[in-house]
Every structure is written in C-alpha cells, then in structure tokens.
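Structure assessment
Given next are the chains, with one letter for each unit.
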Amino acid sequence: MAASAWVYTLIPATAAIAGSVVAVNTRPGPNLVSAIQHFAAGVVFAAAAGEILPDIMHRGSPLATVIGGAIGVAVMLLVKQLENWAKGPVGLLAAIGIDILIDGLVLGIGFAAGPKVGLLLTIALTIEVLFLGLTVANELGESVRSRTRIVAITAALALLLPIGALLGTPVALLPGPILTGFFAFGLIALLYLVTEELLIEAHETPDRPWVTAMFFAGFLVLLLLEESIG
C-alpha cells in the first residue's frame, strides 16, 4: 500500500512541475486561473463528500471523529495564520510547502481507506497541485529571473508530496477508532482547501457564469469517474 501511495504522488508532483513550466513561458489570464481554481474546488469537494465522509459516517466512532476533526481544524487554522505571517518569496514557499505536505498526507490517508479513495483523491489533488505550480512560478517570476531555477524550486516543493504520503500510509495499520480520527482530519483538510483557499482565491477575479460553472463541472466529473470505477 505504501508503494502504491508513493507512486501515485508522482502524478500530482508532475502536474505541479508542468504548471510551473507553463507559467514561466506564458502567464495564464485571470479568468483561466479562476476557472481552474473553481474546477479543482469542485473535484476536491466531490472527493471529500463522496468518499471520505461516507466512510467516516459508517464507522460509528463519533468521539474519534470529533477529536480528529478538531485537530484538523486547529492544524488548518495554524496553516492559515502562518500564511498570513508569510512575507516575501521565502514565506510564500514555506506556506505552499506546508500545503503540499498536507496534501501528500491526505493522499496517504486516502489510500489507507482503500485503493478507490486513493485514486480519486489523486485525481482531485493533481488538479489542485497543478494550480499551486502555477502560483509558485508566477510569484517567483517577480523576483527570480531564471526560468530553470523557478521550475527547479517548484520541483523541490513537489517532493513534499511523496514524503507526506509515506507519513500518511501507515495509518492503515492503526486501530479502527484512531483510523477514523485520521479520516476526519483528512476530511477537514480537504474542505479547508476548497472553502478557504481555492474558492477564496478564485473569487478575487470578477465571476463570470462559465467560470462559476466550472465548480459544478469538476464535481460532476469526479462523480462520473467514481461511478465508472465502481
């Protein structure tokens, strides 16, 4: 299971690098970036609501759910505070690095829940990390002139994905209630990603109907994938 999670993290890691390559060669327009954010938010929300939430509800461990969820809220609020404190490129890279590490951890937890959950989370997080690659490259482009260096820094950050996955995968060996707590943590992390990062940043650009519709397109696409996988 650990090997599977690690291998699958190479997909979003490659997407992050691809996003940085695109950004250093051509700056995407704000409407396109907002559309990608909406689509990614829809996909991640569908993965959280369709896979992790039902698993938690069927485990019947309310105390573990509350504790894991509370820890998830505390960690994500701490991450938000760190992002507010971040100043300059170094602060930005530190904040994004924490985000990517948590994404990898959630992916590892997803594979602990089952191969199907892990696969769907891989798809969801690939789109989200693609956006992070675009963000890193755009921000670094204001202070770093070397395109190669920008892509290399993004690639170094992407390595945090397999590290996070390796940290999260052993969760499958834990007792049931503790496992439920980790799933609750992963659920909160994904919902935070949708509500407090992707959608907030997406709404910095004036909404257009087709851009808003991308959220529901992403949601439906992942639902269709879930049904096709069975």
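Residues numbered from 1 in each chain as written. Predicted model: local features only at pLDDT ≥ 70, side-chain atom pairs only at ≥ 80, totals over all residues. Heavy atoms only, no water.

A few words now on the nonpolar core. As a rule of thumb, nonpolar side chains are buried together in soluble globular proteins. Ranked by internal contacts, the top residues of the largest apolar core, which has 43 residues, are Ile52, Leu121 and Leu190. For this core, the elements supplying multiple residues, two or more each, are α2 (30-59), α3 (62-85), α4 (88-113), α5 (115-140), α8 (176-202) and α9 (209-229). Among the elements that take part in this core, α8 stands out by supplying 12 residues, more than any other. Setting aside its immediate chain neighbours within four residues, leucine 190 contacts Val44, Ala48, Ile52, Val106, Leu121 and Leu125. Among the nonpolar cores identified, the runner-up in size contains 19 residues, and Ala13, Ala16, Ile96 and Leu161 belong to it. (Core = buried A, V, L, I, M, F, W, Y, C linked by side-chain atoms within 4.5 Å. Buried < 20%, exposed > 50% of the residue type's maximum accessible area, 1.4 Å probe, protein only. Helix = DSSP H or I, 4+ residues; strand = E, 2+ residues; numbered from the N terminus. Contact = heavy atoms within 4.5 Å.)

Okay, the packing of aromatic side chains next. One pass over the structure, following the stated rule, counts 4 aromatic pairs. Consider the rings of phenylalanine 45 and phenylalanine 215, whose centres lie 6.3 Å apart with planes at 45°: the pair is tilted. Taken together, the positions of phenylalanine 45 in helix α2 and phenylalanine 215 in helix α9 put the pair 170 residues apart, joining distant regions of the chain. On the basis of an interplanar angle of 35° and a centroid distance of 5.9 Å, the ring pair of phenylalanine 45 and phenylalanine 219 is categorised as tilted. Within this pair, whereas phenylalanine 45 is found in helix α2, its partner phenylalanine 219 is found in helix α9, the two being separated by 174 residues in sequence. Residue classification places phenylalanine 45 among the partly exposed residues on the basis of a relative accessible area of 31%. Following the ring pairs from residue to residue traces out a cluster consisting of Phe45, Phe215, Phe216 and Phe219. (Phe/Tyr/Trp six-rings, centres within 6.5 Å; stacked < 30°, edge-to-face > 60°.)

A few words now on a nonpolar patch on the surface. Judged by side-chain polarity, Trp6, Val7, Leu10 and Leu166 come together as a nonpolar surface patch covering roughly 340 Å² of accessible area. A total of 3 residues in the nonpolar patch trace back to one element, the largest contributor, which is helix α1 (residues 2-25). Taking the relative accessible area as the measure of exposure, tryptophan 6 reaches 37% and is therefore partly exposed. (Patch = residues over 30% accessible without salt bridge, like charges linked within 9 Å, V, L, I, M, F, W, Y side chains within 5 Å. Areas by Shrake-Rupley, 256 points an atom, 1.4 Å probe, with all protein chains shown as cover. Salt bridge = Lys/Arg side-chain N within 4 Å of Asp/Glu carboxyl O.)

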